[in-house]
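Listed below, chain by chain, are the residues.
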Amino acid sequence: MKKSDKILAALNRAVSAVENLGAAIGAWVIFGLLWLSVAEILSRNLLSAPLRGQFDVLVLVGPLYGLLGLSYCYRKAGHVRMDLVNRKLTGRSAHVTEILIAGCALLITVQLFQGSLSHFSRSYMIGDTTIAMNWPTWPSKLMAPLSFAILAARLVLTIWAHGRLLMDPARSAIAIPVPPDPVNEAVD
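Only a predicted model underlies this, so the values are computations on that prediction, with no experimental measurement involved.

Enquirer: Give a description of the overall build of the protein that names residues and reports values.
Expert: In terms of regular secondary structure, the protein is built from six helices and zero strands. Going from N to C terminus, the protein has its helices and strands arranged as α-α-α-α-α-α. For 188 residues, the compact-globule formula gives about 16 Å, and the C-alpha radius of gyration of the protein, at 21 Å, lies well above that figure. Summarising its shape, the C-alpha atoms of the protein cover approximately 65 × 45 × 30 Å along the three principal directions. The 188 residues of the protein split such that 32% are buried. A separation of at least 24 residues holds for 73% of the contacts in the protein among residues at least 6 apart in sequence. About 11600 Å² of surface is accessible on the protein, with carbon and sulfur atoms providing 71% of the total. Taken together, the 17 basic and 11 acidic charged side chains of the protein have centroids lying 8 Å from each other.

Enquirer: Residues and numbers for the packing of helix 1 (residues 3-46) against helix 2 (residues 54-67), please.
Expert: At a closest axis distance of 9 Å, the pairing of helix 1 and helix 2 adopts a crossing angle of 160 degrees. Judged by the angle between their axes, helix 1 and helix 2 are roughly antiparallel. Here the hand of the crossing between helix 1 and helix 2 comes out left-handed. The residues of helix 2 that touch helix 1, namely those facing Ile-25, Gly-26, Val-29, Ile-30, Leu-33, Leu-36, Ser-37 and Glu-40, are Gln-54, Val-57, Leu-58, Val-61, Leu-64 and Tyr-65. Class assignment of the residues belonging to the contact of helix 1 with helix 2 gives a composition of ten nonpolar, three polar and one charged.

Enquirer: So what's going on with the nonpolar core? Which residues, and what values?
Expert: Formed by Leu-8, Ala-9, Val-15, Leu-157, Ala-161, Ile-174 and Ala-175, the largest nonpolar core amounts to seven residues. Contributing elements (two or more residues each) for this core: helix 1 and helix 5 (138-167). Broken down by element, the residue count for this core peaks at three residues, all from helix 1. For Val-15, the contacting residues outside a window of four places in its chain are Ala-153, Arg-154 and Leu-157.

Enquirer: Give me the pattern of salt bridges: which residues, what numbers.
Expert: Enumeration over the complete set of coordinates arrives at six salt bridges. Measuring nitrogen to oxygen at the nearest pair gives 2.9 Å for the salt bridge that ties Arg-164 to Asp-5. Of this pair, Arg-164 sits in helix 5 while Asp-5 sits in helix 1, and the two are 159 residues apart along the sequence. Across the pair Lys-141 and Asp-128 runs a salt bridge whose closest N-O atoms are separated by 2.8 Å.

Enquirer: An account of the layout of surface pockets is requested, with residue identities and associated values reported.
Expert: Here the second largest pocket is characterised by a volume of approximately 160 Å³. Lining the second largest pocket we find Leu-70, Cys-73, Tyr-74, His-79, Ala-105, Ile-108, Thr-109, Leu-112, Phe-148, Leu-151 and Leu-155. Looking at the lining of the second largest pocket, the element that brings in the most residues is helix 4 (residues 91-126), giving four residues. Of the residues belonging to the lining of the second largest pocket, the class tally is nine nonpolar, two polar and no charged.

Enquirer: If you had to explain the environment of Met-133 to someone new, which residues and values would you point to?
Expert: Within the secondary structure layout, Met-133 lies in the loop between helix 4 and helix 5. Note: C-alpha distance between Met-133 and Arg-75 (58 residues apart in sequence) is 37 Å. Contact partners of Met-133, with chain neighbours within four places excluded, come to Arg-52, Gly-53 and Asp-56.

Cut-offs used in this document
Residues numbered from 1 in each chain as written. Predicted model: local features only at pLDDT ≥ 70, side-chain atom pairs only at ≥ 80, totals over all residues. Heavy atoms only, no water. Helix = DSSP H or I, 4+ residues; strand = E, 2+ residues; numbered from the N terminus. Rg over C-alpha atoms; globule rule 2.2 N^0.38 Å. Buried < 20%, exposed > 50% of the residue type's maximum accessible area, 1.4 Å probe, protein only. Contact = heavy atoms within 4.5 Å. Areas by Shrake-Rupley, 256 points an atom, 1.4 Å probe, with all protein chains shown as cover. Lys, Arg positive; Asp, Glu negative; His and termini not counted. Charge placed at Lys NZ, Arg CZ, Asp CG, Glu CD. Axes fitted to C-alpha atoms, helices over the stretch in contact; angles between N-to-C directions. Parallel < 35°, antiparallel > 145°, perpendicular 65-115°, else oblique. Left-handed = near helix turned anticlockwise from the far one by under 90°. Nonpolar A, V, L, I, M, F, W, Y, C, P; charged D, E, K, R; others polar. Core = buried A, V, L, I, M, F, W, Y, C linked by side-chain atoms within 4.5 Å. Salt bridge = Lys/Arg side-chain N within 4 Å of Asp/Glu carboxyl O. 1 Å grid on protein atoms, 1.4 Å probe; cavity = no way out; pocket = protein on both sides within 12 Å on 5 of 7 lines; lining within 4 Å. Points joined across faces, edges and corners; volume = space filled by probe spheres on them.

In structure tokens form, the structure reads like this:
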């Protein structure tokens, strides 16, 4: 294995660990929100006392479960893909197509990163807070640029991985998202 392959594999493992952590945090947040909703319903119906700040919690944790799993989903090829044409391509043409797709996604992700970072910065500078409880919103708004940075790292690894296979198709596939086969998915 070449040194560049070892570096790619190590970076893939590191980014994968961060993605796994983000997806796990998102899953636990959803689980916690489930119980918060149960507590809200019970409190409202049995005690006639709604939980104070429940809506603020929902607003603040939305980015945790909505954005932290983006890169994990991309790595697992769990996102919606329009790959009818790409499934027909093999060899170098498939790698060129994947590089173009990941490159376009990277450009969009960088734009989203910049915009969300600006939004976070503005929120931090003015001391933006939630309506009911006056909790600061900047930690929640920091999740968007963080999530886009992780996704950008995954997209760079994907471009690198397809680029090396474009140059030498005989190399082993490292850091390549493999979409599930829809026929096998339908049978399961």
